[in-house]
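One letter stands for each residue in the lines below.
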Amino acid sequence: MNLKKKTAGNKLNTIKVLQYYKENIQIYMIFIVWLVTGMYGGPVIYVLLPITMLLMKRKGMYEELFLGFIFILILSDSLEDNLAFAKNAKNIYISFLAVFLFLDMDSFQPLNKLYKIFIPFFIFSVFTMCFSLQDSFIFTSLQKTISYFLVFLIIPNYITKIYREEGEQFFKRFIFFAFTTLFLGFIFKYIAHDIASLESGRYRGVMGNPNGLGIYSFLLFIITFVLHDFFPDLFTKQEKIMIYIAIVYSILLTNSRNAVLALLIFYLFQRFFSLSPLLGFVLFLITLFAVEIISNNLTSIILSLGLGDFFRVKTLQEGSGRYVAWGFAWRQIQHNFFIGKGFAYNEYYMRQNYGLLSKLKHQGGIHNSFLTFWMDQGLIGLLIFLRSFILLFIKGAKKTKYAFPIMFGISFTAMFESWLVGSLSAFSFLAIFIYTLISSEEITPQIDLQTIKEPVKEIKIL
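The rules we used
- Residues numbered from 1 in each chain as written.
- Predicted model: local features only at pLDDT ≥ 70, side-chain atom pairs only at ≥ 80, totals over all residues.
- Heavy atoms only, no water.
- Helix = DSSP H or I, 4+ residues; strand = E, 2+ residues; numbered from the N terminus.
- Buried < 20%, exposed > 50% of the residue type's maximum accessible area, 1.4 Å probe, protein only.
- Contact = heavy atoms within 4.5 Å.
- Salt bridge = Lys/Arg side-chain N within 4 Å of Asp/Glu carboxyl O.
- 1 Å grid on protein atoms, 1.4 Å probe; cavity = no way out; pocket = protein on both sides within 12 Å on 5 of 7 lines; lining within 4 Å.
- Points joined across faces, edges and corners; volume = space filled by probe spheres on them.
- Nonpolar A, V, L, I, M, F, W, Y, C, P; charged D, E, K, R; others polar.
- Expected span 1.5 Å × (residues − 1).
- Patch = residues over 30% accessible without salt bridge, like charges linked within 9 Å, V, L, I, M, F, W, Y side chains within 5 Å.
- Areas by Shrake-Rupley, 256 points an atom, 1.4 Å probe, with all protein chains shown as cover.
- Phe/Tyr/Trp six-rings, centres within 6.5 Å; stacked < 30°, edge-to-face > 60°.
- Lys NZ or Arg CZ within 6 Å of the ring centre and 35° of its normal.
- Core = buried A, V, L, I, M, F, W, Y, C linked by side-chain atoms within 4.5 Å.

K.L.:
Please provide a residue-by-residue account of the overall build of the protein, values included.
P.N.:
Along the protein, the regular secondary structure elements total 22 helices and zero strands. Burial statistics for the protein: of 462 residues in total, 51% are counted as buried. Nonlocal contacts in the protein, meaning residues at least 24 apart in sequence, comprise 76% of its contacts between residues at least 6 apart.

As structure tokens, then:
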């Protein structure tokens, strides 16, 4: 009897998932048209994309516009040559989203105020940009400065607008879309291995590199976890299992140490913060003191657990080139210690020294968000950003007990990748999604009526 019930439940869950794709086939067809046109149509995509967006805006398809944004951002992360169009398309996309917001401001009222927390940092980033006027990266710096402000304005306001109109079902459809991106990676792994994996064999799914997919999956885990806490009835048990398996399996396939440890950090701290915030902070302080001991013996610990291959101990000892990049960046920071030269300076400087870094067995950027902020904005800019970043989670802690565990997990990933500095990436998109969930006063968690206790004693009139 139990087996029959379980089988019936699985069939019902499958029907619900298939029903989702059936009801949302239109937006997936639009995405396919964009993808094919961008890959084979040359500059036609830069005409088709705005026209499609205008039609979607005219029909009030704000949710579809929102999903289209992260779709383009995911494509822009790819290293495939035939998807290079997305790097330009994302600039067009955010520009149109901004225009829609400004021209239809009344329908977005009341505005989400998340961006206000970061206004001091936005102002300072404009100031530091003035120091790059004599350099060739000034236009890139201007573009990144504007886009950094826009994503903090656009993403939260689109989320709250769609939530007001569609309710929590919007969040469910968003998670199903994200699940689809992970599931496509699994399909490519077996039918198009070159797309889903690097030459070294490491799995990257639909993203550009394995570590990127690891961060993407970790942030999706956070969003799903918070949504389940806010809206316990949003997902069925089978849906939650399906989504969590896809996320965790993606992380494991990437062999991303960063994502695995970030997930463990979040899960560990959320357990303690659930018991007591004081206990959580005590554990955090203990962890800070233990970091030095653990880091000095990390290789031995990993080998003793038999996880040497998974954590790629050889590259761990070499630092995967990160130590080279950190030391190189730190030396340059001394020349602009308190005030930097604005967004994109780190890219400009690292590119100028590409030959030297290659000889030192490093390719890419600084691989540390906080060092990157320091290099671009100076120590003052970094401190102003951290002030806003921490205030955001202090505000979020009034709404959810998971705010600080989320901050610890995100900060850990940012220690080994510079994604927090970027604006037009799927990672920043998901991070701002999280910020909006935990800080927005409009997104109110469901009240569990069963937890409301009846008075134990009745008042008797004698």
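Having seen it, we continue.
K.L.:
Give me the pattern of salt bridges: which residues, what numbers.
P.N.:
This model, assessed by the stated rule, comprises eight salt bridges. In this structure, Arg 173 engages Glu 63 in a salt bridge whose closest nitrogen and oxygen atoms are separated by 2.7 Å. Of this pair, Arg 173 sits in helix H9 (residues 169-191) while Glu 63 is found in helix H4 (residues 62-77), placing the two residues 110 residues apart along the sequence. A relative accessible area of 19% places Arg 173 in the buried class. Measuring nitrogen to oxygen at the nearest pair gives 2.7 Å for the salt bridge that ties Lys 161 to Glu 165. Placement of the pair is Lys 161 and Glu 165 together in helix H8 (residues 138-166), with a separation of four residues, close to one helical turn. Residue Lys 161 is classed as buried on the basis of its relative accessible area, which comes to 3%. Linked through salt bridges whose partners overlap, the residues forming this network are Glu 63, Glu 166 and Arg 173.

K.L.:
So, empty space enclosed by the protein: which residues are in play, and what are the values?
P.N.:
Tallied over the entire structure, the rule returns three cavities of 30 Å³ or more. Of the volumes computed, that of the largest cavity is approximately 70 Å³. Along its surface, the largest cavity is lined by Tyr 148, Val 151, Phe 152, Trp 419, Leu 420, Gly 422, Ser 423, Ser 428, Ala 431, Ile 432 and Tyr 435. Elements with a minimum of two residues in the lining of the largest cavity: H8 and helix H22 (426-439). For the lining of the largest cavity, the element with the most residues is H22, which contributes four residues. Its residues placed into classes, the lining of the largest cavity shows eight nonpolar, three polar and no charged.

K.L.:
Let's hear about the layout of surface pockets: which residues, and what values?
P.N.:
Considering only enclosed or pocket space, the second largest pocket measures out at about 640 Å³ in volume. Along the walls of the second largest pocket sit 23 residues, with Leu 35, Leu 75, Leu 184, Phe 188 and Val 206 positioned nearest its centre. For the lining of the second largest pocket, the elements supplying multiple residues, two or more each, are helix H2 (25-40), H4 and H9. Broken down by class, the residue content of the lining of the second largest pocket amounts to 16 nonpolar, five polar and two charged.

K.L.:
Tell me about helix H21 (residues 403-416), residues and numbers included.
P.N.:
Here H21 spans 21 Å end to end across 14 residues, near enough to the 20 Å set by a 1.5 Å rise per residue. Buried residues dominate H21, accounting for 12 of its 14 residues. Every buried residue of H21 is accounted for by Ala 403, Phe 404, Pro 405, Ile 406, Met 407, Phe 408, Gly 409, Ile 410, Ser 411, Phe 412, Thr 413 and Ala 414.

K.L.:
So what's going on with a nonpolar patch on the surface? Residues and values would help.
P.N.:
The grouping of Phe 183, Leu 184, Ile 187, Tyr 190, Ile 191, Ile 241, Ile 245 and Tyr 249 at the surface amounts to a nonpolar patch, some 810 Å² of accessible area in total. Among the elements of the structure, H9 and helix H12 (237-254) are those that each provide at least two residues to the nonpolar patch. The element best represented in the nonpolar patch is H9, accounting for five residues. Inspection of the secondary structure puts Phe 183 in helix H9. For Phe 183, a relative accessible area of 41% corresponds to the partly exposed category.

K.L.:
Run through the environment of Phe 412, naming residues and quoting values.
P.N.:
If you trace the backbone, Phe 412 turns up in helix H21. Apart from residues no more than four positions distant in its own chain, Phe 412 is found in contact with Asn 258, Leu 261, Ala 262 and Ile 265.

K.L.:
Would you mind going over the packing of aromatic side chains in detail, with residue names and values included?
P.N.:
Aromatic rings considered in pairs are described by the distance between their centres and by the relative angle of their planes. Enumeration over the complete set of coordinates arrives at 72 aromatic pairs. With centroids separated by 6.4 Å and ring planes inclined at 70°, the aromatic side chains of Tyr 28 and Phe 31 adopt a geometry described as edge-to-face. Here Tyr 28 pairs with Phe 31, and both are found in helix H2, just three residues apart, close to one helical turn. Across the pair, exposure class does not vary: Tyr 28 and Phe 31 are buried alike. With a centroid separation of 6.3 Å and an interplanar angle of 80°, the aromatic rings of Phe 389 and Tyr 435 are classed as edge-to-face. Linking Phe 389 in helix H20 (residues 369-397) with Tyr 435 in helix H22, this pair joins segments that are 46 residues apart in sequence. In this structure, Lys 161 is placed above the aromatic ring of Tyr 62, and the distance from its NZ or CZ to the ring centre is 4.4 Å. Over the face of the ring belonging to Tyr 190 we find Lys 189, whose NZ or CZ atom lies 5.8 Å from the ring centre.

K.L.:
Pulling in residues and values, what's your account of the nonpolar core?
P.N.:
Across soluble globular proteins, you tend to see nonpolar side chains buried next to one another. Counting 142 residues, the largest nonpolar core has Phe 171, Tyr 216, Ile 410 and Tyr 435 as the members making the most contacts within it. Sort the elements by how many residues they give to this core and helix H11 (residues 210-230) lands first, with 13 residues. If near-sequence neighbours (up to four positions away) are discounted, Phe 171 is found in contact with Ile 159, Tyr 163, Leu 227, Phe 231, Leu 234, Phe 433, Leu 437 and Ile 443.

K.L.:
Any details on the environment of Arg 322? Residues and values, ideally.
P.N.:
By the element assignment, Arg 322 lies in helix H17 (residues 322-333). Setting aside chain neighbours within four positions, we find Arg 322 in contact with Asn 211, His 367, Phe 416 and Glu 417.

K.L.:
Explain the environment of Phe 188 to me, and be specific about the residues and the numbers.
P.N.:
The topology assignment puts Phe 188 in helix H9. Expressed as a C-alpha distance, the spacing of Phe 188 and Val 206, which sit 18 residues apart in the sequence, is 8.2 Å. Discounting residues that sit within four places of it in the chain, Phe 188 has contacts with His 193, Ile 195, Ala 196 and Val 206.

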